[in-house]
Amino acid sequence: NAGVTQTPKFRILKIGQSMTLQCTQDMNHNYMYWYRQDPGMGLKLIYYSVGAGITDKGEVPNGYNVSRSTTEDFPLRLELAAPSQTSVYFCASSYSNSYSYEQYFGPGTRLTVT
Amino acid sequence: EDKVVQSPLSLVVHEGDTVTLNCSYEVTNFRSLLWYKQEKKAPTFLFMLTSSGIEKKSGRLSSILDKKELFSILNITATQTGDSAIYLCAVGGNAGGTSYGKLTFGQGTILTVHP
């Protein structure tokens, strides 16, 4: 199993550009999440999904969009990139089990907007 | 709104010291508290605690949960330079609807262990 994979690893965007961060998991997890982590900070939830076709906003959704057409994939779309979106983005997944909250993380995408 | 506060925010120690990291929380319908270790990459899972007073242990690391006082501690004994990392505490609750599985993270404790 590859677990959770993310592409790209690094990206530099100019202000106003758009891009999609890719996330794929091969563990057949129903739940998937997108977080951002700013320097010296914890993880803030951007969006999450409890299954294909179902997504919901987290703490910091503004400036982002998601879709979940398959169990495996959960792409994050940035429209009109702004310097405030410079961050490290982590995708995670977990079992849909009310007793197991362990999330498995991808390696992250470091995004710089200049 | 769920909230997790970790202390201290940063800690510098020497090899061999023992450290205690703190995590206090407020969450709707508490289900579990998790500790993660983050080096220069993705967080890696350490412990999940769901029951009060039961210590989880892995080598030199141990953790315990107090559900009455709403906090957890992570202890690391005989610290090594390889323990240098950010330690993240997260809590999962159930506020209904699609909130199962969601974690709220604290800001993390940056631990630096000098030789």
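Our structure is the block above this text.
These figures come from a predicted structure and were not determined experimentally. Sequence order sets the numbering: in each chain, residues are counted from 1 along the sequence as written. As they are written, the chains are lettered A onward and the ligands numbered 1 onward, keeping that order. With pLDDT at 70 or above as the cut-off, local features in this predicted model cover only qualifying residues; side-chain atom pairs require 80 or more to be listed or tallied, and sums for whole chains, interfaces and linings still use all residues. Where side-chain values are given, they derive from all heavy atoms of the structure, hydrogens and water being excluded.

Considerations on the sheet that holds strand 8 (residues 76-78) of chain A
Backbone-to-backbone hydrogen bonds join strands into a sheet, with any given pair of strands oriented parallel or antiparallel.
Residues and elements named next belong to chain A.
Thought 1: At least two bridges found by DSSP between two strands is the condition for calling them paired. Each helix corresponds to a stretch of at least 4 residues labelled H or I by DSSP, and each strand to a stretch of at least 2 residues labelled E; elements are numbered beginning at the N terminus. An order of 1-3-8-7 is seen for the 4 strands of this open sheet, with the pairing classed as antiparallel. Unpaired on one side and paired on the other, strand 1 (4-7) and strand 7 (64-66) mark the two borders of the sheet. Put simply, the sheet's adjacent strands are angled 20° from each other on average, direction ignored.
Thought 2: With 4 bridges joining them, strand 1 and strand 3 (residues 19-25) adopt antiparallel strand pairing. If you follow Thr5 over to strand 3, its bridge partner there is Thr24. Axes here mean lines fitted to C-alpha atoms, for a helix over just the part in contact, with angles spanning 0 to 180 degrees between N-to-C directions.

A short note on the nonpolar core
Thought 1: Residues enter a nonpolar core if they are buried and are Ala, Val, Leu, Ile, Met, Phe, Trp, Tyr or Cys, with the set joined through side-chain atoms within 4.5 Å. The classification of residues rests on relative accessible area computed with a 1.4 Å probe and restricted to protein chains. Under 20% of the type maximum is buried, over 50% is exposed, and intermediate values are partly exposed. Counting residues in each nonpolar core, the largest one holds 22 residues, and the members touching the most others are Tyr25, Phe30, Leu33, Trp35, Tyr87, Val91 and Leu111 of chain B.
Thought 2: Of all the secondary structure elements, the ones that give two or more residues to this core are strand 3 (19-26), strand 4 (30-38), strand 5 (44-49), strand 7 (61-66), strand 8 (71-76), strand 9 (85-93) and strand 11 (109-114) of chain B.
Thought 3: In what follows, a contact means two residues having at least one pair of non-hydrogen atoms within 4.5 Å. Beyond its immediate stretch of four places on either side in the chain, Leu33 of chain B contacts Cys23, Tyr25, Phe47, Met48, Leu49, Leu65, Ser72, Cys89, Ala90 and Val91 of chain B.
Thought 4: Membership of the second largest hydrophobic core comes to 21 residues, among which are Tyr35 and Tyr101 of chain A together with Tyr36 and Ile86 of chain B.

Concerning the state of the cysteines
Thought 1: When two cysteine sulfur atoms lie within 2.5 Å, the pair is treated as a disulfide. Here the structure, examined in full by the defined rule, presents 2 disulfides over all chains.
Thought 2: Disulfide partner of Cys23 of chain A: Cys91 of chain A, at an S-S distance of 1.8 Å. With the S-S bond torsion at -70°, the cross-link from Cys23 of chain A to Cys91 of chain A turns out left-handed. Placement of Cys23 of chain A in strand 3 and of Cys91 of chain A in strand 9 (residues 87-94) is noted, with a sequence separation of 68 residues between them.
Thought 3: Take Cys91 of chain A: its relative accessible area is 0%, and that puts it in the buried class.
Thought 4: Each sulfur of the disulfide joining Cys23 of chain B and Cys89 of chain B lies 1.9 Å from the other. Across the S-S bond linking Cys23 of chain B and Cys89 of chain B, the dihedral sits near -70°, which makes this disulfide left-handed. One end of the pair, Cys23 of chain B, is in strand 3; the other, Cys89 of chain B, is in strand 9, and 66 residues separate them in sequence.
Thought 5: When its relative accessible area of 0% is taken as the criterion, Cys89 of chain B is described as buried.

Regarding the sheet that holds strand 8 of chain B
All names here are of chain B.
Thought 1: The strand order across the open sheet built from 5 strands is 1-3-8-7-6, with neighbouring strands paired in antiparallel fashion. Every other strand in the sheet has two partners, leaving strand 1 (3-7) and strand 6 (56-58) as the edge strands with one partner each. Going across the sheet, the axis of each strand differs from the next one's by a mean of 15°, ignoring polarity.
Thought 2: Bridging between strand 6 and strand 7 involves 3 bridges; their strand directions are antiparallel. When the sheet's bridge partners are listed, Lys57 is paired in strand 7 with Ser62.

Considering unusual backbone geometry
Thought 1: For the peptide bond that leads from Thr7 of chain A to Pro8 of chain A, omega is -5°, which places it in the cis range.
Thought 2: Mapped onto the elements, Pro8 of chain A comes out in the loop between strand 1 and strand 2 (10-13).
Thought 3: Going from Ser7 of chain B to Pro8 of chain B, the amide bond is cis rather than trans, its omega being -10°.
Thought 4: Mapping Pro8 of chain B onto the fold places it in the loop between strand 1 and strand 2 (10-14).
Thought 5: Even without glycine at this site, Asn28 of chain A takes up a positive phi of about 60°.
Thought 6: Mapping Asn28 of chain A onto the fold places it in the loop between strand 3 and strand 4 (31-37).

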